[in-house]
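Listed below, chain by chain, are the residues.
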Amino acid sequence: MVNWSAVIGEFVGTFVLIVLGNGVVAGALLNKSKAQNAGWISITTGWAVAVFAGVAVSAALGDADGHLNPAFTLASVMMTGNPIRLITYIPAQLLGAFCGAVAVWLQYKPHWELTEDADAKFACFATAPAVYRPMWNFFSEVLGTFVLVLVATALFSKRVSPAGVAAGLGPMLVGALVWGIGLSLGGTTGYAINPARDFGPRIAHSVLPIAGKGGSGWRYAWVPIFGPLAGAALAAAAVRVLSM
């Protein structure tokens, strides 16, 4: 049976995730933004807050999972069963990410015309590698997502939190984890670690009438989709083998 509160939570939570996450990138990169040139620390911090806020909103809407990420959904299904989540959560996540990207485009509407760098505009939507080496880029996304799922599972495990994580603390812990991943591992690919976070906004970039935009990087798009899914699957397998 479909849990529609959870599906709505996945949609709205992912929307908030992208509005704040891609929003901080746009603020740092687009011309005439008051936050222009804020840098990598600002971007990783903004994404950490985006994760915290998105998960909190999804929980408030009745979504006990708060995945906001197909990789997390895949890992959850592998660890606990309930494959219905794959066909209900993932479409909601993708749609939420697309709508969030549209909202960011509208928020910064005057700034697209003032920014000449097409790559900077694209970075406000989806990821691209610092150095294009597809297999190494794939490894980066696998490793980043493996760490995300493994550590998140550990944080919520009975051995680490015997009485369960205190109410409201879970989203903050996951946000802090994403912040650490961004700082430590994000410099290679921009740390998608979430297929919806990359694919939904990439579609938005391709269809929106963004002034002076370039291509949408479809040659690379498979990496931030399949890399996170592979990393999540490996982490789920590790959790089962190690009985975490």
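Structure: see above.
Description of the structure in this document. (Residues numbered from 1 in each chain as written. Predicted model: local features only at pLDDT ≥ 70, side-chain atom pairs only at ≥ 80, totals over all residues. Heavy atoms only, no water.)

All right, on to the overall build of the protein chain then. Looking only at helices and strands, the protein chain has 10 helices and zero strands in total. Listing the helices and strands of the protein chain from first to last along the sequence gives α-α-α-α-α-α-α-α-α-α. Expected size for 244 residues packed as a compact globule is a radius of gyration near 18 Å; at 17 Å, the protein chain falls within 12% of this value. Over its C-alpha atoms, taken along the principal directions, the protein chain stretches across nearly 50 × 35 × 30 Å. Here the protein chain holds 244 residues, and 48% of them are scored as buried. Long-range pairs, those at least 24 residues apart, make up 79% of the contacts in the protein chain between residues at least 6 apart in sequence. Counting 13 positive and 9 negative side-chain charges, the protein chain places the centres of these two groups 4 Å from one another. (Helix = DSSP H or I, 4+ residues; strand = E, 2+ residues; numbered from the N terminus. Rg over C-alpha atoms; globule rule 2.2 N^0.38 Å. Buried < 20%, exposed > 50% of the residue type's maximum accessible area, 1.4 Å probe, protein only. Contact = heavy atoms within 4.5 Å. Lys, Arg positive; Asp, Glu negative; His and termini not counted. Charge placed at Lys NZ, Arg CZ, Asp CG, Glu CD.)

This brings us to the packing of aromatic side chains. Applying the stated rule across the entire model yields six aromatic pairs. Look at Trp-40 and Tyr-191: their rings are 5.9 Å apart centre to centre, the planes differ by 70°, and that puts the pair in the edge-to-face class. Highlighted residues: Trp-40 in helix α2 (residues 40-60) and Tyr-191 in the loop between α8 (169-185) and α9 (195-207), separated in sequence by 151 residues. Ring plane angle 35° and centroid distance 5.5 Å describe the contact between Trp-112 and Phe-125, whose orientation is recorded as tilted. Remark: Phe-125 occurs in the loop between α6 (118-123) and α7 (134-155) and Trp-112 occurs in helix α5 (residues 109-114); sequence separation between them is 13 residues. Take Trp-112 and Phe-125: they sit in the same class, and that class is buried. (Phe/Tyr/Trp six-rings, centres within 6.5 Å; stacked < 30°, edge-to-face > 60°.)

What follows deals with the nonpolar core. Among the nonpolar cores identified, the biggest contains 40 residues, and Leu-17, Trp-47, Trp-112, Cys-124, Phe-125, Leu-148 and Leu-208 are the most heavily contacted of them. For this core, the elements supplying multiple residues, two or more each, are α1 (4-29), α2, α3 (70-80), α4 (84-107), α7, α8 and α10 (223-242). It is α1 that provides the largest number of residues to this core, a total of six residues. (Core = buried A, V, L, I, M, F, W, Y, C linked by side-chain atoms within 4.5 Å.)

What follows concerns the pattern of salt bridges. Within the structure shown, the criterion is met by two salt bridges. Close ionic contact of Arg-85 with Asp-65 constitutes a salt bridge, the shortest N to O distance being 3.5 Å. Residue Arg-85 is located in helix α4, and its partner Asp-65 is located in the loop between α2 and α3; the two are separated by 20 residues in the primary sequence. When its relative accessible area of 28% is taken as the criterion, Asp-65 is described as partly exposed. (Salt bridge = Lys/Arg side-chain N within 4 Å of Asp/Glu carboxyl O.)

What follows concerns α3. If you check which residues of α3 are buried, you get Pro-70, Ala-71, Phe-72, Thr-73, Ala-75, Ser-76 and Val-77. At its buried positions, α3 is contacted by α4, α7, α9 and α10. For α3, the N-terminal cap is Asn-69; the gap from its side-chain oxygen to the backbone nitrogen of Ala-71 is 2.8 Å. Positive backbone phi, at 90°, marks Gly-81, one or two positions downstream of α3. (Polar contact = N/O pair within 3.5 Å; in protein donor to acceptor, adjacent residues only side chain to side chain.)

Moving on: unusual backbone geometry. We note that Leu-68 has phi near 55°; this positive angle belongs to a residue other than glycine. Structurally, the position occupied by Leu-68 is in the loop between α2 and α3. For Leu-68, a relative accessible area of 3% gives the class buried. Its identity as a non-glycine residue notwithstanding, Tyr-191 has a phi of 40°, on the positive side.

On to the environment of Ala-235. Locating Ala-235 in the fold gives a position in helix α10. For the pair Ala-235 and Leu-74, spaced 161 residues apart in sequence, the C-alpha separation works out to 10 Å. Sequence-distant contacts of Ala-235, defined by excluding residues within four places in its chain, comprise Phe-146, Val-149 and Leu-150.

Attention now moves to the packing of α1 against α4. One can describe the packing of α1 onto α4 by two numbers: an axis separation of 7 Å at closest approach and a directional angle of 35°. In terms of crossing hand, the pair formed by α1 and α4 is right-handed. Contacts between α1 and α4 involve Ala-6, Val-7, Glu-10, Phe-11, Thr-14, Phe-15, Ile-18, Val-19, Asn-22, Gly-23 and Ala-26 on the former and, on the latter, Thr-88, Tyr-89, Ala-92, Gln-93, Leu-95, Gly-96, Ala-97, Cys-99, Gly-100, Ala-101, Ala-103 and Val-104. In the contact of α1 with α4, the residues fall into 15 nonpolar, seven polar and one charged. (Axes fitted to C-alpha atoms, helices over the stretch in contact; angles between N-to-C directions. Left-handed = near helix turned anticlockwise from the far one by under 90°. Nonpolar A, V, L, I, M, F, W, Y, C, P; charged D, E, K, R; others polar.)

So, to be careful, I would describe these as geometric facts and stop short of saying anything about function.
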